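# Report on the structure
The residues making up each chain are set out below.
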Amino acid sequence: MTGPVYDLLVRGGRVLDPGEGLDGRHDVGVRGGVIAAVEPALDPASAARVLDARGALVCPGLVDAHAHVYWGATSIGAWPDEVCADGGVTTVADGGSSGTDTFAGFRRWIAGGSRTRVLCHLNLARIGLTGLVGELRPDLVDPDGVARLIHEHPDLVVGIKLRLSAPVTGGPCRPMLELGARVSAETGTPLHVHIGGTAEPLSDLLPLLSPGDMVTHYQTPRPNGLLDDSGALLPAAREARERGVLFDCGHGMSHFGFAVAEALLAQDFPPDTISSDLSRRSFPALAPGLLTVMNKWLALGMPLADVVRAATASPAAALGWAGRIGALRPGAEADIAVLDWEEGRFTHTDALDEHRPAHRRLVPVATIRRGTISSTAPGRRDGPAG
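Here's a quick rundown of the structure.

Rules and cut-offs
Residues numbered from 1 in each chain as written. Predicted model: local features only at pLDDT ≥ 70, side-chain atom pairs only at ≥ 80, totals over all residues. Heavy atoms only, no water. Disulfide = S-S within 2.5 Å. Buried < 20%, exposed > 50% of the residue type's maximum accessible area, 1.4 Å probe, protein only. Helix = DSSP H or I, 4+ residues; strand = E, 2+ residues; numbered from the N terminus. Arc of directions from axis to C-beta. Contact = heavy atoms within 4.5 Å. Salt bridge = Lys/Arg side-chain N within 4 Å of Asp/Glu carboxyl O. Core = buried A, V, L, I, M, F, W, Y, C linked by side-chain atoms within 4.5 Å. Pairing = 2+ DSSP bridges. Axes fitted to C-alpha atoms, helices over the stretch in contact; angles between N-to-C directions. Parallel < 35°, antiparallel > 145°, perpendicular 65-115°, else oblique. Left-handed = near helix turned anticlockwise from the far one by under 90°. Phe/Tyr/Trp six-rings, centres within 6.5 Å; stacked < 30°, edge-to-face > 60°.

## Quick look at the state of the cysteines
- Enumeration over the complete set of coordinates arrives at zero disulfides.
- Counting only cysteine sulfurs, cysteine 84 is the nearest neighbor of cysteine 59, a cysteine outside any disulfide, at a range of 16 Å.

Structural data, given as C-alpha cells:
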C-alpha cells in the first residue's frame, strides 16, 4: 500500500504570489518540507493532512527584511518566534543587532534556536546595536572582522548594517558609509543603510550606494529624508533606484510618516520592500508584526499585489534567497502564509501621531514553515485527510 502523495495540502484558497504570476484558486501540495505542486485542484485523499483555506488568501511565507531579534542580548531584541510565527512571517533578517563580538551567540542561540528562519545584516561595529549607545565610532568598527565573518558564514550573513544618523556616528556619516562601501565591494555583500537624521543631506550620500544596497526607513519623517523642503523627491533617490539601489520601509517606532509615504507614492516611488523594523519595544503596537505594516500601505492605496510582492518575492531577492523563499513554486521551501480579510472600522497611526482610517485589514489564519503549521486561527480545519 502506497502512502500519501503530500504531507500537507492547503486547499481551496486564492493563491496570490505576484512574484510567480499567480492569482487564482489553487491548491498547494507540500512534501518533505518543500512545495511539491501548485494546481487548480489536487485530490484531498492524496494528502496526510489538509488545511481548509477556502475564502482565504494563500501567499508565500512573509519575509521581514528588517527586524531586531537578538533576544536576551540587546535591550531591544525580540524572540523571533514570538513576533513572527503567529503573523505569517517565516523568514526574518535581523537589522544589525549583532556585531563581530556577539555574532557567535546570534548564530548558535537565535538563528540556530528558532523555528523561524533567521538571517543577519551584520553590524559594521563590533558591539552591534545595543539600543543604548551609538555604535558607529572609529574605535568600535571592525571592517576586517566583518569581512571574515561574511566569508565564514555566507548562509547567514546577507548584508552589512550601517545606522547613518548623527547620534550614532557622533557627527558626519559619510566616513562610515565610505568604510562600509569598501567592505561591501571587497566581500560582494550589500549594505543595509538606515537613514533619518544624517548629518549630511542624502543627496551627498546616495551616490555612494551600489546596486543591491538597501536604504531602510525610506518614509522617515526625520530630517534629511528622501524629500526636499518643498516635498519633492530628491533626484539622487530616483537616480539611485535606476542604478539598482533598493528602498525599504523599515517601519520601526519613529520612522513611519504618513505624509512622507503619501508623497512618495504620489511621485511614483513606492517601497521596493516592506519591513517592520520591529523590536521588543515596538511589537506591542505592531502586533501581529509585519502584517500591521502591510495594512498601513494598503490603507494608503498601494495595490494588494504590490504589497504582497514587497513582503515576499522582493525581500527574498534582496536577501539573496530568490526562488528559495518568498515563492510558491515547486522545489521552493514550503513556507506559506494563509491570510484573511477582517472588515470593520480601523485607525492606523504613524510616528507623528497622525491617523488614517481603513475599512478592512489582513489578519493571519495560518503560518506554515517548511510544511509544518505553527499556528492556525480558530475555525480552520486542520487535520488528517478524509
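## Points about helix α7 (residues 235-242)
- Taken together, the buried positions of α7 are occupied by Ala236, Ala237 and Ala240. Along α7, the residues classed as buried sweep out an arc of 105° about the axis, all on the same side. With respect to the buried face of α7, the exposed residues turned more than 90 degrees away are Pro235 and Glu242.
- Buried residues along α7 sit in contact with α6 (202-205) and β12 (246-248).
- Positioned one or two residues after α7, glycine 244 has a phi angle of 105°, which is positive.

## Some details on the pattern of salt bridges
- The full count for this structure, using the stated rule, is 22 salt bridges.
- Arginine 356 is paired through a salt bridge with glutamate 262; the nearest N and O atoms lie 2.7 Å apart. Of this pair, arginine 356 sits in strand β14 (residues 355-369) while glutamate 262 sits in helix α8 (residues 258-266), and the two are 94 residues apart along the sequence.
- In this structure, the salt-bridge partner of arginine 369 is aspartate 335, at a minimum N-O distance of 3.6 Å. With arginine 369 in strand β14 and aspartate 335 in the loop between α12 (313-318) and β13 (336-349), this residue pair connects regions lying 34 residues apart in the sequence.
- The class for arginine 369 is buried, based on a relative accessible area of 19%.

## Concerning the nonpolar core
- Residues Leu124, Leu136, Leu226, Phe247, Ile274 and Trp297 are the most contacted members of the largest nonpolar core, which totals 80 residues.
- Looking at this core element by element, the count peaks at six residues for helix α10 (residues 290-299).
- Leave out the neighbours within four places in its chain, and isoleucine 274 touches Val63, Asp248, Cys249, Leu290, Val293, Met294, Trp297, Met302, Val307, Ala310 and Ala311.
- In terms of nonpolar packing, the next biggest core, distinct from the first, is built from 19 residues, Leu22, Ile35, Val365 and Ala366 among them.

## Some thoughts on the pairing of strand β5 (residues 57-60)
- Examined bridge by bridge, strand β1 (residues 6-17) and β5 share two bridges and lie parallel to one another. Paired with arginine 14 across the two strands is leucine 57, which belongs to β5.
- Strand direction decides the pairing type here: β5 and β13, joined by four bridges, are antiparallel. Residue pairing in the sheet places leucine 57 in a bridge with leucine 339 of β13.

## Some details on the packing of helix α3 (residues 143-152) against helix α5 (residues 174-187)
- The interhelical angle for the contact between α3 and α5, taken along N-to-C directions, is 30°, at an axis separation of 10 Å. It follows that α3 is roughly parallel to α5 by the angle criterion. Along this stretch, α3 crosses α5, giving a crossing that reads as right-handed. Touching Pro143, Asp144, Val146, Ala147 and Ile150 of α3 are Leu179, Arg182, Val183 and Thr187, all from α5.

## Remarks on the packing of aromatic side chains
- As enumerated under the stated definition, the model contains seven aromatic pairs in all.
- Seen in terms of ring centroids, tyrosine 218 and tryptophan 297 are 6.2 Å apart; in terms of plane orientation they differ by 40°. Their pairing is tilted. Of this pair, tyrosine 218 sits in the loop between β11 (214-216) and α7 while tryptophan 297 sits in helix α10, placing them 79 residues apart in sequence. Like tryptophan 297, tyrosine 218 is buried.
- Between phenylalanine 256 and tryptophan 297, the ring centres sit 5.6 Å apart and the planes meet at 80°, which makes this aromatic pair edge-to-face. Of this pair, phenylalanine 256 sits in the loop between β12 and α8 while tryptophan 297 sits in helix α10, and the two are 41 residues apart along the sequence. The two residues phenylalanine 256 and tryptophan 297 agree in class, both being buried.
- The structure contains a cluster of three or more aromatic residues connected by ring pairs, namely Tyr218, Phe247, Phe256, Phe258, Phe269 and Trp297.

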